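# Overview (structure and organization)
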Amino acid sequence: MNRLQRFWGQVRDSFWFFPSVLLALSIGFAWVMVAVDSSPSGQRLARWLHLFGVSAEGARSILSTIAGSMMTVVGVTFSMILVTLTLASSQYTSRILRNFMSDRVTQVVLGVFGAIFAYCLILLRAIRSGADSTFVPSLAVSFAMLLAIGGIVALIYFIHHIADSIQASSIIASVSAETLNAVDRLFPEELSEHPADDAKGPGPVPLSEQPWQAVPVPRNGYIQSLDSATLLRIAMEHKSIVRMEHGIGHFVVRGTSLVSVAQGEPLSDEVIADLQSAYGIARHRTVEQDTAFGIRQLVDMALRALSPGINDTTTAVMCVDYLAAILSRIANRSIPPSHRYEDGILRVVAIEPTFAGLVSESFDQICGSAPGNLSILLRMLGALHTVRDLTESVARKQVLNRKAASIMERAEQNLHFPQDRMQLAERCAILGFNA
């Protein structure tokens, strides 16, 4: 089931799936329209309309013009997409290209243009002219004209969509929205009234009387997804412990240890295959089960904006703002524990993200790339204050306070002007951080 879900996710986000579906639908619709035109009721309706396709040559001319123009528009659209991808990759980060490729508007618009082209080709084949018989699907040709007008509207909207999608605010908001959806899906439960200290890492793995049997990594790549239910099922069936050696988002090398099983006897090929199939390994990371990757994309955009070649503080500030929104959503969510029990018996030792790790992922590199940028430092302190006010966990508040202290310490070392240091101290006092 996990493999089917991964396959469907890859197909759904591919650049060809929706255009192919629309292309197939247009071919079927063209045959339906030709059949309607061939029926007596369709012929009577066509005589009543008297719109287009009054002759076979006229219908061929109209359809050929529409089909040729659609292919020209498809070429222009692809050129616009390539330019957009190039600009986005150089200005922001190459990791956001997947967001553009999976954009539904782009896929649907390309599908519409291809569908109109295929529709016209089918109608051209259906037109007959000669001394013995003449058939012109007038209704279908009339509808082709309406499709051509719709194609023009789609092109105008696509140009507007491209102009809007390459703006920094739109890209950052899109990545943030995808990450927030992943947070809601992965961490749906609210913290309990007395939340546990989840800021610390997992505890030591209990010693087993049986040695650990390693399951090798089947291929090189990043872990995109994981079926935790399969790991728990195998551990219960063998009355053993399954220990994850790599977590979601980690890069794994073929032949190294993927998981380990506390079992004295060698694992069967069937068990090894089941454990390997629980992992989805591919060439790149995705956000579906990897919240840290969504954060990583925003951090990469902030780092690119802070680079000397770009020096775009405003974009970096926007990234910090949306990082605050993501951490605020996580602040009161329960992160699954690393140790999974069944009837009080330890079965799975997982590698799960921690709140402290996500906070460090969000701000450490940005702080290191902007040691003397007062605007970024103040914004990060404000973000930490916002998240701290929203969480009820004492442990998470301590994590945020320590991160704020680290930012302030670095700021004191790199802010050279007394006025900047005074402004930072005043801001810290307002936010309740000890300067």
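Keep in mind the model is a prediction, meaning the values are calculated, not measured.

### A word on the pattern of salt bridges
As a working rule, side chains carrying opposite charge can pair if their charged atoms are close by. Using the criterion set out here, one finds twelve salt bridges in the structure. Note that R233 and E237 form a salt bridge whose closest N and O atoms lie 3.2 Å from each other. Of the two residues, R233 and E237 are both situated in helix α9 (residues 228-237); the distance of four residues between them amounts to about one turn of the helix. Taken together, the shared-partner salt bridges connect D184, E190, R329 and R333 into one network.

### Description of the side chain of S328
Mapped onto the secondary structure, S328 falls in helix α12 (residues 313-331). A residue is classified by how much of its surface remains accessible, and S328, at 17% relative accessible area, is buried. Only 2.6 Å separates the side chain of S328 from the backbone oxygen of A324, close enough to count as a polar contact. If near-sequence neighbours (up to four positions away) are discounted, S328 is found in contact with T386, V387 and L390.

### A short note on the nonpolar core
With 92 residues, the main nonpolar core has I366, M380 and L381 as its most contacted residues. Looking at this core, the element that brings in the most residues is helix α4 (residues 56-91), giving twelve residues. If sequence neighbours within four positions are ignored, L381 has contacts with A404, I407, M408, L424, C428, L431 and F433. The next biggest cluster of nonpolar side chains, apart from the first, holds 22 residues, and it includes V242, M244, L267 and I281.

### A short note on the sheet that holds strand β8 (residues 345-349)
The strand order across the open sheet formed by five strands is β1-β5-β3-β8-β7, and the pairing between neighbours is mixed. Every other strand in the sheet has two partners, leaving β1 (212-216) and β7 (339-342) as the edge strands with one partner each. Ignoring strand direction, the axes of neighbouring strands in this sheet form an average angle of 30°. Bridge count between strand β3 (residues 242-244) and β8: two bridges; the pairing is parallel. Within the sheet, the bridge partner assigned to V242 lies in β8 and is V348. Where α9 meets the sheet, it contacts β3, β7 and β8, and its direction lies at approximately 135° from that of β8. Across the sheet, helix α10 (residues 269-277) is in contact with β1 and β5 (257-262); its angle to β1 comes to roughly 60°.

### Section: the packing of aromatic side chains
For the coordinates displayed, the defined rule picks out six aromatic pairs. Between F29 and Y119, the ring centres sit 6.0 Å apart and the planes meet at 25°, which makes this aromatic pair stacked. Taken as a pair, F29 in helix α2 (residues 17-38) and Y119 in helix α6 (residues 104-126) lie far apart in primary sequence, 90 residues in all.

### Some details on the pairing of β5
The buried fraction of β5 amounts to five of the six residues, a majority that puts the element mostly inside the structure. Pairing geometry for β3 and β5, over three bridges, is antiparallel. Bridge assignment links V242 to a residue of β5, and that residue is V261.

### Considering the sheet that holds strand β2 (residues 221-226)
In space, the three strands of this open sheet follow the order β4-β2-β6, with antiparallel pairing throughout. Of all the strands in the sheet, just β4 (251-252) and β6 (279-282) have a single pairing partner and so form its edges. Strand direction decides the pairing type here: β2 and β6, joined by four bridges, are antiparallel. Opposite I223, over in β6, you have I281 as the bridge partner.

About the cut-offs
Residues numbered from 1 in each chain as written. Predicted model: local features only at pLDDT ≥ 70, side-chain atom pairs only at ≥ 80, totals over all residues. Heavy atoms only, no water. Salt bridge = Lys/Arg side-chain N within 4 Å of Asp/Glu carboxyl O. Helix = DSSP H or I, 4+ residues; strand = E, 2+ residues; numbered from the N terminus. Buried < 20%, exposed > 50% of the residue type's maximum accessible area, 1.4 Å probe, protein only. Polar contact = N/O pair within 3.5 Å; in protein donor to acceptor, adjacent residues only side chain to side chain. Contact = heavy atoms within 4.5 Å. Core = buried A, V, L, I, M, F, W, Y, C linked by side-chain atoms within 4.5 Å. Pairing = 2+ DSSP bridges. Axes fitted to C-alpha atoms, helices over the stretch in contact; angles between N-to-C directions. Phe/Tyr/Trp six-rings, centres within 6.5 Å; stacked < 30°, edge-to-face > 60°.

Any link to function would need more than the numbers given here.
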